[in-house]
Amino acid sequence: MNLPTFLGGVHPPEGKALTENKAVEILRPEDTREFVYPLALHIGAPCSPIVKKGDVVLAGQKIADTDAFVSAPKYSAVSGTVKAIEPRMAFTGAMEPSIVIESDGKYTPAPTLHDLLGHKPAPSEYVKLIRESGLVGLGGACFPTHVKLSPPKDKVIRWVIVNAAECEPYLTCDNRLMIDSPDEIIKGLEFVLEIFPQAQGVIGIENNKPEAIRIMTEHNKNPKISVMPLKVKYPQGAEKMLIKSVTGQEVPLVPALPADVGCIVLNTRTTWQIYQAIANGKPVTERIVTVTGDAIVEPKNLQVPLGLNVRELINACGGFSDEPVKVISGGPMMGIAMRSIDVPVVKGTSGILALTSKLAYIAEEGSCIRCGKCVEACPMHLEPTLLDHAVRRRDYATFEAHGGMNCIECGSCAYNCPASRHLTQSYKNGKAAVNAERRKAAAEAKKKAEAK
Ligand code: SF4
Ligand code: SF4
């Protein structure tokens, strides 16, 4: 069967068998312990605390916010007392300003978003409520959802696509959510279609999830929504690849956005959480995390409160069976290697992957042999070798001129590279340097304008 797909991409080992048939278990510690909430770690402006040391908080109470449009507030998942506001290590390895809450183990609930609003929201209030719920892309990108749902007025949205591809190896949390809670995902999509009445809804699922495809198809009774099986190929779940597979359209290069081709793409869990915000007035306080890898005794999908220490998740899976050489936040292709497991679960923590030396691929970087395999793999049709060479000689103008800012950091080129070149890291460095130069230029222009 010719299933919809895109050009380029790779086929890494899936690794999903470890957890795909395991129902979600709830991990909700009922003793007193610390929960940690970094004020940043989403795309956009960091939040500022709206609580102070010593304050008593309830589960589901807002603890940090900002006036910036591109940002999202933070909520405590637990009831307890604010113990400190101080830098704590995050999964990135950086020390992030954080609110530390000593839980009382009781999860005493705060008023819901509906209680605070005073009524059930009307469609005209959905986007505001979604912003208030603290929702960001829960696939890992953490882009504020209300911003996605606020396209420029001249853009007509014709497709709302639920990104249920879950193409990242090892991760199965979205798959399990579709099997266990299909109706909430469909209702979440229906709420979004109320915001964009000219759009149709499509739930795009990679074809290696037959049970999820069957269940979502059986539960969907809405003629405006369809379930679309997609070819299994990494990175099928990258926004631009998914739009190509579902609609046949290419999203133009940056700064173009999905809305430029009439699309909005939402992750599966994000869509489920939209339902929770609009139907039940619930903010984002918990998520499902796939804890997996050959170094974990009993891999599982765990539903956990945000802010919980990652070490607790690993303990709940029986701990390490063998010394891991790599622990990754996320999956093996786009995840970030963790310096410590004593960091909190955050909104974007889709998985914790612990690998032994048998499966963790750690190789010495060799010289480029100009084989072109990276070019074949790149779904953005870039020239990875050329970009890599440009970054290594700090020639960011060439990097930018050859489309380096369009790199989606999918890692397909590095996966295909026989010389184990650290290509993805090179592009991350290149993009960071270009962004830093842009920020500097903008600041200088502002300074000049103010001086006039
Ligand atoms: S250059 Fe960027 S977009 Fe292309 S394969 Fe490599 S990481 Fe992916
Ligand atoms: S795949 Fe690796 S070795 Fe081959 S051209 Fe690309 S960077 Fe060079």
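Residues numbered from 1 in each chain as written. Chains lettered and ligands numbered in written order. Predicted model: local features only at pLDDT ≥ 70, side-chain atom pairs only at ≥ 80, totals over all residues.

What follows covers the overall build of the chain. Along the backbone of the chain there are 14 helices and 17 strands. Buried positions account for 48% of the 452 residues belonging to the chain. The contacts in the chain between residues at least 6 apart in sequence include a share of 73% that link residues at least 24 apart. (Helix = DSSP H or I, 4+ residues; strand = E, 2+ residues; numbered from the N terminus. Buried ≥ 20, exposed ≤ 12 C-beta atoms within 10 Å, placed from the backbone. Contact = placed C-beta atoms within 7 Å.)

Compared with an ideal rise of 1.5 Å per residue, which puts 14 residues at 20 Å, helix 5 (residues 182-195) spans 21 Å between its outermost C-alpha atoms and is within 8% of the ideal. All of the buried residues in helix 5 are Pro182, Ile185, Ile186, Gly188, Leu189 and Val192. Buried residues of helix 5, seen end-on, are gathered within an arc of 155° and therefore sit on one face of the element. (Expected span 1.5 Å × (residues − 1). Arc of directions from axis to C-beta.)

We now examine unusual backbone geometry. Cis geometry is adopted by the peptide bond preceding proline 235, which originates at tyrosine 234 and carries an omega value of 0°. You will see that tyrosine 170, though not glycine, has its phi angle at about 75°, which is positive. With respect to the helices, strands and loops of the structure, tyrosine 170 is situated in the loop between strand 9 (159-164) and helix 4 (173-180). The backbone of glutamate 409 sits at a positive phi, close to 55°, despite the residue not being glycine. Tracing the chain through its elements places glutamate 409 in the loop between helix 12 (396-401) and helix 13 (412-416).

Turning to the sheet that holds strand 5 (residues 62-65), a few remarks are in order. Taken together, three strands build an open sheet; the order of strands is 3-5-6 and the sheet is antiparallel. The strands lining the two open edges of the sheet, one partner per strand, are strand 3 (48-49) and strand 6 (74-75). Pairing analysis gives two bridges linking strand 3 to strand 5, with the strands arranged antiparallel. Of the residues in strand 5, the one forming a bridge with proline 49 is alanine 64. (Pairing = 2+ DSSP bridges.)

With that out of the way, let us pick up the pairing of strand 7 (residues 80-89). Pairing of strand 4 (residues 56-57) with strand 7, which is carried by two bridges, proceeds in the antiparallel orientation. Its bridge partner being in strand 7, valine 57 is matched across the sheet by glycine 80. Taken together, the nine bridges between strand 7 and strand 8 (residues 95-103) define a ladder with antiparallel strand orientation. By the bridge assignment, glycine 80 is partnered in strand 8 with serine 103. Hairpin connection, strand 7 to strand 8: the antiparallel pair is bridged by five residues, and glycine 93 has positive phi, about 95°.

The next subject is the packing of helix 11 (residues 384-392) against helix 14 (residues 423-451). Helix 14 packs onto helix 11 with a crossing angle of 55° between their chain directions and a minimal axis gap of 9 Å. Judged by the angle between their axes, helix 11 and helix 14 are oblique. Between helix 11 and helix 14 lies a crossing of left-handed hand. Contacts between helix 11 and helix 14 involve Pro384, Leu387, Asp388, Val391 and Arg392 from the first element and Leu423, Ser426, Tyr427, Asn429 and Gly430 from the second. Within the contact of helix 11 with helix 14, the residues separate by chemical class into five nonpolar, three polar and two charged. (Axes fitted to C-alpha atoms, helices over the stretch in contact; angles between N-to-C directions. Parallel < 35°, antiparallel > 145°, perpendicular 65-115°, else oblique. Left-handed = near helix turned anticlockwise from the far one by under 90°. Nonpolar A, V, L, I, M, F, W, Y, C, P; charged D, E, K, R; others polar.)

This paragraph deals with the sheet that holds strand 9. Pairing in this open sheet of four strands is parallel, and the strands run 11-10-9-12 from one edge to the other. Two strands close off the open sheet at either side, each with one partner strand: strand 11 (225-230) and strand 12 (263-267). Averaged over all adjacent pairs, the angle separating strand axes in this sheet is 25°, with direction ignored. Relative to strand 10 (residues 200-206), strand 9 is paired through six bridges, and the arrangement is parallel. Among the inter-strand pairings, asparagine 163 is bridged to a residue of strand 10, identified as glycine 204. Running at roughly 90° to strand 12, helix 8 (residues 268-280) makes contact with strand 9 and strand 12 of the sheet.

Let us look at the site of ligand 2. With respect to spatial proximity, 14 residues lie near ligand 2, and among them Cys368, Cys371, Cys374, Cys417 and Ala419 are the closest. Elements that contribute at least two residues to the shell around ligand 2 include exactly helix 10 (373-377) and helix 11. (Near = placed C-beta within 6 Å.)

Once that is clear, we can look at the site of ligand 1. Ligand 1 sits among 15 residues. The nearest are Cys378, Cys407, Cys410, Ser412 and Cys413. Of all the elements, helix 14 adds the most residues to the shell around ligand 1, at three residues. Of the residues that constitute the shell around ligand 1, the class distribution is eleven nonpolar, three polar and one charged.

The set of residues buried in helix 11 consists of Pro384, Leu387, Asp388, Ala390 and Val391. The arc that holds the buried residues of helix 11, viewed along the axis, is 160°, so those residues lie on one side. Next to the buried residues of helix 11 lie helix 10, helix 12, helix 13 and helix 14. Residue arginine 394 follows helix 11 closely and has a positive phi angle near 60°.

Moving on, we come to the packing of helix 4 against helix 8. Look at helix 4 against helix 8: their axes get within 9 Å of each other, and the N-to-C directions meet at 45°. One finds that helix 4 runs oblique with respect to helix 8. Judged by residue contacts, Asp174, Leu177 and Met178 of helix 4 engage Thr268, Arg269 and Trp272 from helix 8. Residues belonging to the contact of helix 4 with helix 8 are distributed by class as follows: three nonpolar, one polar and two charged.

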